[in-house]
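Descriptive analysis of the structure
Each chain is listed here by its residues.
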Amino acid sequence: MFKQRFNRLHALRFKHFTRNGYALFSCLGKEVLIGTLSVVTLTYAKANGISTRQVLAVDSLGHEEVKIDEVVVTGSRAPLTASQSARIVSVITRDDIDRAPAETVNDLLKLAIGVDVRQRGGFGVQTDISIDGGTSDQITILLNGMPLSSPQTGHNAADFPVTLADIERVEILEGSSSRVFGSSAFNGAVNIVTRKDSKSGASVAVEGGSFGTFGTEGRVAAATGRIVNTVSGAYRQSDGGTLHSDFKRRQLYYTGHLGSRVADAQWQFGISSQDFGANTFYSTKFNNQFEATRRYMASATATLRPLGSDVLTLVPQAYWHRDYDHYQLIRGKDGAANGENYHRTDVYGGGLTANVRWLLGTTSLGADIRREHIVSTAYGDELPESEWKPIDGTDRSYSRLGNRTNTSLFLEHNVIVGGLTVSAGVMANRNTCLDGDFRLYPGVDVSYRPDDHWKIYASWNKALRVPTYTDLYAKNSVQVGDLTLSPERNSTFKVGTRYRTQGLSTVVSAFYAHGTDIIDWVYETAESKTYHALNIGRLNNMGASAEAALNLTEIVHDPIVTRVKVAYAYIHQTHDTDRQIYGSLYALEYLRHKFTVQLDHRIVSHLSAQWNLRWQQRMNGYHPYCKVDAKLMWSTPHYNIYVKADNLTAHRYYDIGGVRQPGLWVMAGMSVTL
């Protein structure tokens, strides 16, 4: 018999959670549905980027475990979830970092299939990083969303104040990314995101190994209420493994975090210092070059929710970094006549982005202003002698000056309809080193998710890059710049698909980048002995890549082999120019083939190992080589003991120019968490 219920219960669905005690009263007299939140919306990509965690969750209804292995905000200025994003970003997770036989971020990037790492010195002392056949000047490198790229040169861009112990993840966005990171992201971007500690603690590590290498580092985190402060420091020295490649490296880094319902804030300060022998780094004629670099950086960023929700978010950012570069063509010989130069570069800027969620999607508006200033003994316009600036610790003075201001305005809109995401926008850019006009660089990204396993995506974006001060002003016995250089331009098309199921993840993609007025350092005649910076014409890079990762821990109970990852990338280049070119330093020396394999396996108890194989072939006269690295580690919650071996086959190879890399390099160390 039917009976009317007069006190009918209504289901209550939580959209916002609070820790306030009185919130419990909202549940009285209501039916409460509790489930597992499977996707988290993150904050603005530029400040917080991509979050990657490996989580096994079982919901309250008893459903089987679901792995959330990638929660990302990809190449858009508005926050999008993993299932919604219109571009795919490669992520090196904290777990990847712990397992890898790596000493620096540069070592980690060698295993990213779309990234080309051209190493000069060991332990990341100096490394050129590029993406999809580009050059080191054509990407932007960021630390927690703060741009570290220098207008002087891309060679020192990877001079980080952080160690691997500080890093939560490394994010790699391939293809033109000006809409997200500004004009410097010509061919892509690399964003390093540091760890956000939730409680107080400390760790210390020490290691030593081949070629007189010794290093130590420490890290302390202090949590007080909603504020967490972290300080870390590191020191490393080595004979370098080859003639005149010794180095000393010092790093200091501080970061703070504040989180609340209406605002999240992060601030950071870092110092990095390097002194290193630069054997044939810039010319094979001189095997005893020397360089010393210093970097001071600071930034602050926040995500503000003035309405108490994500309907409106404001993301302000301010940053500054100062870079010192002291170079000697012949180590120990002072003076301009002997090829000694000093440079001091200041980069400071800020920006504001507003994200508005409304009926037709999410609209993002933003503006960034960046000021670049250099004083130098070689780069920039000549100053009157009365305006020369003395160089501390020397009898030399900065006699040249360069200034330019880069202004970018952004507009982007994101629409999500079912499994379809469309993200379209434009950057209006103005640089005072050009004609002062605003130029438009549009882009559109589209992705479609037919089900929970598949994702298909396509994108098109345009970008511009102005020459560095080295491109414009360098003038010595081995290099000559050109003040008449035009800015580089490109259009990048990218398509791909991703398939993911329990234990298996695959990504297949292809790209075409059409570049005009590309800048390279070249020999103009067969008899040339000096490289000249030139716009070498139209340069098109096209390629494809595929990678597959098998996580056996999700398929087999307690397997011996826990993870296998295989990846391959191929690039083909076409060059159209009315100039005869007889030698190239960068743009034409691209990777034709790159093949990598990673294997993780358990040995006994807490003992495990990872093996990495990398085979690659570079164009323009380089021989292909195969390199094998390994790491053996005993891991517990409170301490780790490890042995790393770089280049197990002791193969002597070249990544760039005539800089020969060392053979077998073995390191052993221990870290303790207090």
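All values derive from a computational prediction rather than experimental measurement.

1. Comments concerning the overall build of the chain
Each helix and strand in the chain was counted, giving five helices and 40 strands. Counting over 674 residues, the chain shows a buried share of 54%. Considering only residue pairs separated by 6 or more positions, the chain has 61% of its internal contacts joining residues 24 or more positions apart. As presented, the chain carries roughly 29600 Å² of accessible surface, and 59% of it is formed by carbon and sulfur atoms.

2. Here we look at the nonpolar core
Judged by nonpolar contacts, the single largest core of 31 residues is most densely connected at Val105, Leu109, Val115, Phe160 and Ile167. Broken down by secondary-structure element, the contributors of at least two residues to this core are helix H3 (105-109), strand E6 (115-119), strand E7 (127-131), strand E8 (140-143), strand E10 (167-174) and strand E11 (188-194).

3. Notes on the packing of aromatic side chains
Under the definition given, this model contains 13 aromatic pairs. Each residue in the set Phe123, Phe211, Phe247 and Trp665 is aromatic and connected to the rest through ring pairs, giving one cluster. Its end group placed over the ring of Tyr469, Arg404 keeps NZ or CZ at 4.6 Å from the ring centre. Taking NZ or CZ as reference, Lys644 lies 4.9 Å from the ring centre of Tyr642, over its face.

4. Let's talk about the environment of Gly259
On the secondary structure map, Gly259 appears in strand E15 (residues 247-259). Taking relative accessible area as the criterion, Gly259 reaches 27% and is therefore assigned partly exposed. Distance in space between the C-alpha atoms of Gly259 and Ile227 is 7.1 Å, their sequence separation being 32 residues. Each residue touching Gly259, except ones within four places of it in the same chain, is listed here: Arg226 and Asp264.

5. Some remarks on the sheet that holds E10
Pairing is mixed across the open sheet formed by five strands, whose spatial order is E5-E10-E11-E8-E9. Looking at which strands have only one partner, the edges of the open sheet turn out to be strand E5 (90-92) and strand E9 (146-147). Relative to E11, E10 runs antiparallel, the two being bridged by seven bridges. In the strand pairing of E11, Glu174 is matched with Gly188.

6. Description of unusual backbone geometry
Of note, the phi angle at Asp132 is positive, near 50°, even though the residue is not glycine. Structurally, the position occupied by Asp132 is in the loop between E7 and E8. Of the residues examined, Asp132 reaches a relative accessible area of 7% and is grouped as buried. A positive phi angle, near 60°, is found at Phe211, a position not held by glycine. Take Phe211: it is sitting in the loop between strand E12 (201-209) and strand E13 (213-224).

7. Describing the side chain of Thr293
Within the element layout of this structure, Thr293 appears in strand E17 (residues 290-304). For Thr293, a relative accessible area of 3% translates into the label buried. Here the side chain of Thr293 touches Asp159 through a polar contact of 3.2 Å, side chain to side chain. Leaving out residues up to four positions away in the same chain, Thr293 has contacts with Asn156, Asp159, Ser272, Ser273, Gln274, Phe276, Tyr324 and Asp325.

8. Remarks on the confidence of the model for the chain
For the chain, the average pLDDT comes to 87, and 88% of its residues sit at 70 or higher. Low pLDDT, under 50, characterises residues 34-73; the predicted model gives this stretch 105 contacts beyond four residues in sequence or across chains.

9. What to know about the side chain of Lys110
Considering the arrangement of structural elements, one finds Lys110 in the loop between H3 and E6. Overall, Lys110 belongs to the buried group, its relative accessible area being 6%. A polar contact of 2.8 Å, which involves the side chain of Lys110, links it to the side chain of Gln119. Contact partners of Lys110, with chain neighbours within four places excluded, come to Val117, Gln119, Lys594, Thr596 and Arg614.

10. Digging into the pattern of salt bridges
Scanning the model with the defined rule gives 39 salt bridges in all. Asp323 is paired through a salt bridge with Arg295; the nearest N and O atoms lie 2.8 Å apart. Placement of Asp323 in strand E18 (residues 312-328) and of Arg295 in strand E17 is noted, with a sequence separation of 28 residues between them. Each member of the pair Asp323 and Arg295 is classed as buried. Between Asp346 and Arg322 there is a salt bridge whose closest N-O contact spans 2.8 Å. Of this pair, Asp346 sits in strand E19 (residues 340-358) while Arg322 sits in strand E18, and the two are 24 residues apart along the sequence.

11. Some thoughts on the pairing of E6
Burial runs high along E6: five of the five residues are buried. Of the two faces of E6, the one holding Val115, Val117 and Gln119 and the one holding Asp116 and Arg118 are both buried throughout. Note: E6 against E7, five bridges, orientation antiparallel. Across the sheet, the residue bridging to Val115 is Ile131, located in E7.

12. A few points about the environment of Val556
Positionally, Val556 belongs in the loop between strand E33 (538-551) and strand E34 (561-576). The class for Val556 is partly exposed, based on a relative accessible area of 41%.

13. Quick word on the sheet that holds strand E31 (residues 519-523)
The four strands are arranged E28-E32-E31-E35 in an open sheet whose pairing can be described as mixed. Each edge of the open sheet is held by one strand with a lone partner, namely strand E28 (479-480) and strand E35 (583-584). Alignment of E31 against E35, held across two bridges, turns out to be antiparallel. In the sheet register, Tyr523 faces E35, and the bridge partner there is Gly583.

14. Some thoughts on the pairing of strand E40 (residues 665-673)
Note: E12 against E40, seven bridges, orientation antiparallel. Along E40, the bridge assignment pairs Gly209 with Met667. Two strands pair when backbone bridges link them, and strand E39 (residues 639-646) and E40 are joined in this way by eight bridges, in the antiparallel orientation. From the neighbouring strand, Lys644 faces E40, where its bridge partner is Met667.

15. Side note on the environment of Gln84
Looking at where Gln84 falls in the secondary structure, it is placed in the loop between strand E4 (66-68) and E5. Once the C-alpha coordinates of Gln84 and Asn414 are considered, the two residues, 330 residues apart in sequence, prove to be 9.9 Å apart. Not counting residues up to four positions away in its chain, the partners in contact with Gln84 are Ile416, Thr421, Ser447 and Arg449.

16. Things to note about a nonpolar patch on the surface
Residues Ile603, Val604, Trp611, Leu632, Val643, Leu648, Leu664 and Val666 make up a contiguous nonpolar surface patch of roughly 600 Å² in combined accessible area. On the secondary structure map, Val643 appears in strand E39. A relative accessible area of 37% means that Val643 is categorised as partly exposed.

Parameters at a glance
Residues numbered from 1 in each chain as written. Predicted model: local features only at pLDDT ≥ 70, side-chain atom pairs only at ≥ 80, totals over all residues. Heavy atoms only, no water. Helix = DSSP H or I, 4+ residues; strand = E, 2+ residues; numbered from the N terminus. Buried < 20%, exposed > 50% of the residue type's maximum accessible area, 1.4 Å probe, protein only. Contact = heavy atoms within 4.5 Å. Areas by Shrake-Rupley, 256 points an atom, 1.4 Å probe, with all protein chains shown as cover. Core = buried A, V, L, I, M, F, W, Y, C linked by side-chain atoms within 4.5 Å. Phe/Tyr/Trp six-rings, centres within 6.5 Å; stacked < 30°, edge-to-face > 60°. Lys NZ or Arg CZ within 6 Å of the ring centre and 35° of its normal. Pairing = 2+ DSSP bridges. Polar contact = N/O pair within 3.5 Å; in protein donor to acceptor, adjacent residues only side chain to side chain. pLDDT = per-residue confidence, 0-100. Salt bridge = Lys/Arg side-chain N within 4 Å of Asp/Glu carboxyl O. Patch = residues over 30% accessible without salt bridge, like charges linked within 9 Å, V, L, I, M, F, W, Y side chains within 5 Å.

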